[in-house]
Amino acid sequence: MTVWDDVVGQDRVTVRLAAAARDADALITAEHAAAGAGSGAQPAPPADAGSTSQMTHAWLFTGPPGSGRATAARAFAAALQCVSPDRAGEYGAPGCGFCDGCHTALVGTHADVEIVRTDLLSIGVKETRDLVRRSSLSPSGGRWQVIVLEDADRLTEGAGNVLLKAVEEPAPRTVWLLCAPSVEDVLPTIRSRCRQLSLCTPPVDAVAEVLVRRDGIEPAAAARAARATQGHIGRARRLATDERARARRTAVLKLPLRVDDIGGCLKAAQELIDAAGEDAKQVAEDVDTKETEELRAALGAASGTGGRLPRGTAGAMKELQDRQKRRSTRTQRDSLDLALVDLTGFYRDVLALQMGASVALANDEVRDSVQRIATTSTPERTLRRIEAVLACREALDRNVAPLLAVEAMTAALRAG
């Protein structure tokens, strides 16, 4: 099993990354050989050196949600740190998946691989400056200093400007791996300095296969989850393993049949908002209490939740509370967005039946509901309903009050 096995349905991308990993390995191997020979060789250049090299110092992975862009970036990071003795042989290549470099990079414990993901709405200047300082260090034990920024689209404008200098003039053995939904989500000045890789939505069958192989999910359940999420790997795994996720999705798919009158529209909207709030509350219960207790202990607070904090430490506690509040907001928005994606999939199935398309239904388990809506409306009305759901997602991105945005959507679904 190599590091590329979990990069599902992206053969073109893995070929390019494997070639770059081979060139990167050759650069480091040559440097070590020269140093061992006492030639006083300089550190390896940031690998655009050499017109034939496939390696470079900054990469931008783009693709729709669920395409596995972060998985591809982590696999590449592991290949760059591969120390397998067979990697340079005739049939070998970096990224064996078994050596210490590959394993620790994949599980997130490699000293020279920094994986950055955020559970907040944005990544600010302070966090980015810390990353830039980290990127200027030489590898402590690995072959490259690798920074994987999984949410590059969440960089604020100021944070992007801080990152620009580091990406433009990186340290000799530093590699930046940025991930974003599209190139437009990254500052033009940054993306122009990155080698871009575009990932596609993986095939449903490939997603089902990886769920069976890697997560031990029953083939039938894996196939249903992959089909329901239309190839979104992360959501398919959650749907196949989390009973609450399946229950919430079932409730969302009943919504099109409940918007016959204004009262039903308002009630359905409120229930969507409440379900998203419950998700945020669940995360808070699982994470916030532990974080608060750990910080209080680190600050030397008196035992018990009501114990007084030492003087001068209230600011640290306030900062943690603000972070937890921002995380709760993002969790609620992400949960609501997932519901809207499921709703879009429902109307996509309706449109497929209305147009007589020979495609498999994503929501075959509610075929009766899909058929009922399809026979009582027209393709034009279905398209307007899909547009209403998309408009709701855009409104939420613009920070419109969630309940107001969802109520407007349910009313538009009723009107068709």
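Everything discussed here concerns the structure shown above.
What you see is a predicted model; the values in this text were computed from it and never measured. (Residues numbered from 1 in each chain as written. Predicted model: local features only at pLDDT ≥ 70, side-chain atom pairs only at ≥ 80, totals over all residues. Heavy atoms only, no water.)

Visitor: Summarise the overall build of the protein chain; cite the residues concerned and give the values.
Guide: A count of helical and extended segments in the protein chain gives 15 helices and five strands. The burial tally for the protein chain puts 44% of its 416 residues in the buried class. Here the protein chain displays about 20,500 Å² of accessible surface, and carbon together with sulfur accounts for 53% of that area. (Helix = DSSP H or I, 4+ residues; strand = E, 2+ residues; numbered from the N terminus. Buried < 20%, exposed > 50% of the residue type's maximum accessible area, 1.4 Å probe, protein only. Areas by Shrake-Rupley, 256 points an atom, 1.4 Å probe, with all protein chains shown as cover.)

Visitor: I'd like a description of the pattern of salt bridges, backed by residues and values.
Guide: The full count for this structure, using the stated rule, is 25 salt bridges. A salt bridge links Glu 150 to Arg 117; its shortest N-O distance comes to 3.2 Å. Residue Glu 150 is located in the loop between β3 (145–149) and α5 (157–168), and its partner Arg 117 is located in the loop between β2 (113–116) and α4 (125–135); the two are separated by 33 residues in the primary sequence. The partner of Arg 213 in a salt bridge is Glu 209, and the shortest N-O contact between them spans 3.3 Å. Pair noted here: Arg 213 and Glu 209 are both in helix α7 (residues 204–215), with a separation of four residues, about one helical turn. (Salt bridge = Lys/Arg side-chain N within 4 Å of Asp/Glu carboxyl O.)

Visitor: With reference to specific residues and values, describe the nonpolar core.
Guide: The biggest cluster of nonpolar side chains holds 35 residues, and the ones touching the most others in it are Trp 4, Leu 17, Trp 59, Phe 61, Phe 76 and Leu 177. Those elements that provide at least two residues to this core are α1 (11–36), β1 (58–62), α2 (69–80), α3 (100–107), β3 and β4 (174–180). Take this core: its biggest share by element is eight residues, from α2. Setting aside chain neighbours within four positions, we find Trp 59 in contact with Leu 17, Ala 20, Gln 54, Phe 76, Val 175, Trp 176, Leu 177, Leu 178, Cys 194, Arg 195 and Leu 197. With 31 residues, the next largest nonpolar core counts Leu 255, Ala 276, Ala 395 and Leu 413 among its residues. (Core = buried A, V, L, I, M, F, W, Y, C linked by side-chain atoms within 4.5 Å. Contact = heavy atoms within 4.5 Å.)

Visitor: Lay out unusual backbone geometry in plain terms, naming residues and giving numbers.
Guide: Even without being a glycine, Gln 230 presents a positive backbone phi close to 55 degrees. Topologically, Gln 230 is positioned in the loop between α8 (219–228) and α9 (233–241). Given a relative accessible area of 33%, Gln 230 falls into the partly exposed group. Not every positive phi belongs to a glycine, and Asn 399 is a case in point at roughly 65 degrees. Structurally, Asn 399 can be placed in the loop between α14 (379–397) and α15 (402–415).

Visitor: Go over the sheet that holds β3 with me, naming the residues and quoting the values.
Guide: Pairing within the open sheet is parallel, and its five strands lie in the order β2-β3-β4-β1-β5. At either end of the open sheet lies a strand with only one pairing partner, and these are β2 and β5 (195–198). Across the sheet, the mean angle from the axis of one strand to that of its neighbour is 15 degrees, orientation sign disregarded. Bridge analysis of β1 against β4 gives five bridges, and the strand direction is parallel. Bridging from a neighbouring strand, Trp 59 pairs with Leu 177 of β4. (Pairing = 2+ DSSP bridges. Axes fitted to C-alpha atoms, helices over the stretch in contact; angles between N-to-C directions.)

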